[in-house]
Amino acid sequence: MNPDCDPLIVSLGFDPETFARLDGLRRAHFPPDRNVIPAHLTLFHKLPGERVSDVCRALKRVADETPVFAIHVSGLRHLGRGVALGVEAPELIAARARLADVFAEDLTAQDRQGF
């Protein structure tokens, strides 16, 4: 990775109703001093910023190939310094795997773990 380019964080977009519900839970229950961004579902934490055009093309291709899908909240996950909602969505797992294949050589250890 080029140290002069900021890495890219890729998150899933939510419909407005789902976002409002999840963000309300986050504001109510996430530590206020660490609650600096709204509710989100991070797909990748650090894709190469110098490949922003490649990342955008891959995201568009996978998004175009993936129909809208439901996400099932399966419980809570302890993250060490906080708690997250666990989610189940086979379509999301498949879409993320396709993106991970495209950027396999660029993935950090955290992003290689899956999600």
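Residues numbered from 1 in each chain as written. Predicted model: local features only at pLDDT ≥ 70, side-chain atom pairs only at ≥ 80, totals over all residues. Heavy atoms only, no water.

Student: Requested: an account of helix 3 (residues 90-102), with residues and values cited.
Tutor: Under the 1.5 Å per step criterion, the end-to-end length of helix 3 is 19 Å for 13 residues, consistent within 8% with the ideal 18 Å. For helix 3, the full list of buried residues reads L92, A95, R96, L99 and A100. The buried residues of helix 3 occupy an angular sector of 140° when the element is viewed end-on, so they sit on one face. Away from the buried face of helix 3 by more than 90 degrees, exposed residues P90 and D101 are located. Where helix 3 is buried, its residues touch strand 1 (8-12), strand 2 (41-47), helix 2 (52-65) and helix 4 (109-112). (Helix = DSSP H or I, 4+ residues; strand = E, 2+ residues; numbered from the N terminus. Expected span 1.5 Å × (residues − 1). Buried < 20%, exposed > 50% of the residue type's maximum accessible area, 1.4 Å probe, protein only. Arc of directions from axis to C-beta. Contact = heavy atoms within 4.5 Å.)

Student: How would you sum up the side chain of D23? Please name residues and give values.
Tutor: Note on placement: D23 falls in helix 1 (residues 16-29). Reaching out from D23, the side chain makes a polar contact with the backbone nitrogen of A39 at a distance of 2.8 Å. (Polar contact = N/O pair within 3.5 Å; in protein donor to acceptor, adjacent residues only side chain to side chain.)

Student: An account of the packing of aromatic side chains is requested, with residue identities and associated values reported.
Tutor: Taken as a whole and judged by the stated rule, the model has zero aromatic pairs. Note that R26 overlies the ring of F30, its terminal NZ or CZ placed 4.2 Å from the centroid. (Phe/Tyr/Trp six-rings, centres within 6.5 Å; stacked < 30°, edge-to-face > 60°. Lys NZ or Arg CZ within 6 Å of the ring centre and 35° of its normal.)

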